[in-house]
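# Structural description and commentary
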Amino acid sequence: MGLRICLAGATGWAGSELARGIARAPDLALVAAVSRTHAGRVLADVLGEPRLEGRVYASAAEALSQPCDVFVEYTRPESAKAHVLTALQHGAHVVVGTSGLTADDFAEIDAVAVRHSRGVLAAGNFSLTAVLLLKCAELAARILPHWEIIDYAHDDKIDAPSGTARELAERLSTVRQPTPTIPIDQTVGPREARGATVAGSQIHSLRLPGYVISAEIIFGMPDQRLSIRHDSGNSSVPYVDGALLAIRKVPTLVGVHRGLDAVLDLG
Ligand SMILES: NC(=O)c1ccc[n+]([C@@H]2O[C@H](COP(=O)([O-])OP(=O)(O)OC[C@H]3O[C@@H](n4cnc5c(N)ncnc54)[C@H](OP(=O)(O)O)[C@@H]3O)[C@@H](O)[C@H]2O)c1
């Protein structure tokens, strides 16, 4: 048997596609899953994929009674941190796909991960084109000091800003702080009209029917603009390969690492 995986959120939109990807991978075995609705069943019966022999448990703590090497968190923002801390305390490495965790959450998780000598790899977006958005924006921010971020998503996305937008802002803060010509707190009119300030960047979150998930960063200079935008379609297929790579690489890490490029050789 290769790496043993416990997948929280295995019956969800993103988690079920990842479960099918794990089923196809000869070096990975799904030993347990978490979903409150399907607790007590075998995942194979829930997803119609006979290779998924792991049982479904109602909580992460119960699922972690099955020894596993890597715990994957793909549930909801409000349950994610507790799941990750529980998994680390059980000695598992952790891959976090769930969005909505803050920099403070990750600082707390990092301390626990380091104490247990375990790795945590967190990415708000596991698709390759989203990783390239982060890297290209980092490069542009070295040269261009003015930018704002737009985060587009479907109307029932519960968290804002998206994990991708938040990660982009936090990443760019390590390059430099953007410099709005008029400071945000000197806005005339509702302050909210200028978006949320995250790690120094302004993020504007749209939540509308007709969108899936997109993130766009606009760099502005006198008489010129650069836009870099990532769009994903309706399926959760784009996230599978990146998440599988994260699962395979996370046992080589200690502490929290943000973004799939932490384990990709992008120079
Ligand atoms: N990193 C990436 O590339 C990426 C890609 C897509 C989505 N995401 C993020 O991943 C998260 C999940 O998205 P999704 O669209 O797959 O959501 P979803 O379809 O609602 O699925 C959520 C899953 O988590 C389970 N769950 C929810 N709350 C739980 C709890 N308190 N305890 C245990 N299990 C719980 C659900 O099962 P039960 O309701 O039966 O418990 C279900 O299996 C979101 O934060 C989303 O933004 C990230």
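Counting starts from 1 at the beginning of each chain's written sequence and moves along it residue by residue. Only residues with pLDDT of at least 70 get local features here, since the model is predicted, and only at 80 or more are side-chain atom pairs given and counted; chain-wide, interface and lining totals rely on the full set of residues. Computation of side-chain values: all heavy atoms of the structure, hydrogens and water removed.

### Side note on the sheet that holds strand 9 (residues 201-207)
- Two strands pair under a simple rule: DSSP has to find at least two bridges between them. Numbered from the N terminus, helices here are DSSP runs of H or I no shorter than four residues, and strands are runs of E no shorter than two. Spatial strand order, 8-9-7-10-11: five strands in an open sheet with mixed pairing. Every interior strand has two partners, whereas the edge strands, strand 8 (196-198) and strand 11 (224-232), have only one. Between one strand and the next, the sheet's axes are offset by a mean angle of 25°, whatever the strand orientation.
- As judged from the seven bridges shared by strand 7 (residues 147-153) and strand 10 (residues 213-221), these two strands associate in the antiparallel manner. When the sheet's bridge partners are listed, Ala-153 is paired in strand 10 with Ile-213. In this analysis, axes come from line fits to C-alpha atoms, helices being fitted only over the stretch in contact, and the angle between any two N-to-C directions falls in the range 0 to 180 degrees.

### Digging into the packing of helix 4 (residues 77-89) against helix 5 (residues 103-115)
- Running from N to C, helix 4 and helix 5 cross one another at 10°; their axes reach a closest spacing of 10 Å. In this view, helix 4 runs roughly parallel relative to helix 5, as classed from their interaxial angle. For the pair formed by helix 4 and helix 5, the contact residues are Lys-81, Val-84, Leu-85, Leu-88 and Gln-89 on the first element and Asp-105, Glu-108, Ile-109, Val-112 and Ala-113 on the second. An angle below 35 degrees is read as roughly parallel, one above 145 as roughly antiparallel, one from 65 to 115 as roughly perpendicular, and any other as oblique. Should any heavy atoms of two residues lie within 4.5 Å, those residues are considered in contact.

### Examining the site of the ligand
- Definition of nearness: a residue and a molecule or strand are near each other if at least one heavy atom of the residue lies within 4 Å of the molecule or strand. Near the ligand lie 23 residues; those nearest to it are Thr-11, Ser-35, Arg-36, Thr-37 and Phe-126.
- Gly-9 places a polar main-chain atom, nitrogen or oxygen, 3.5 Å from an oxygen atom of the ligand.
- Between Ser-99 and the ligand, the recorded distance is 2.8 Å, taken from a side-chain N or O atom to an oxygen atom.
- Computed on the free molecule, the ligand has an accessible area of 920 Å², of which 82% lies beneath the protein chains in the complex.
- In a pocket analysis with a 2 Å cut-off to the grid points, the ligand is assigned to the largest pocket.
- Those elements that provide at least two residues to the shell around the ligand are helix 1 (13-24) and helix 4. Two N or O atoms form a polar contact when they lie within 3.5 Å of each other; inside protein one atom must be a possible hydrogen donor and the other a possible acceptor, and for residues adjacent in sequence the pair counts only when both atoms belong to side chains. Per-residue and other accessible areas follow the Shrake-Rupley method at a 1.4 Å probe size, with only the shown protein chains counted as cover for residues. Cavity: a set of points on a 1 Å grid over the protein atoms alone where a 1.4 Å probe fits but cannot get out. Pocket: an open set with protein on both sides within 12 Å along at least five of seven lines, its lining residues, like those of a cavity, having an atom within 4 Å of a point. By definition, a pocket or cavity contains a molecule when more than half of the molecule's atoms lie within 2 Å of the pocket's grid points.

### Topic: helix 4
- Those residues of helix 4 that sit buried are Ala-80, His-83, Val-84, Leu-85, Ala-87 and Leu-88.
- If you follow the buried residues of helix 4, they end up packed against strand 1 (3-8), helix 3 (60-63), strand 4 (70-73), strand 5 (93-96), helix 5 and strand 6 (119-122).
- Phi turns positive, to about 85°, at Gly-91, one or two residues after helix 4. When a residue's accessible area, from a 1.4 Å probe over protein chains only, is under 20% of the maximum for its type it is buried; when over 50% it is exposed; and in between it is partly exposed.

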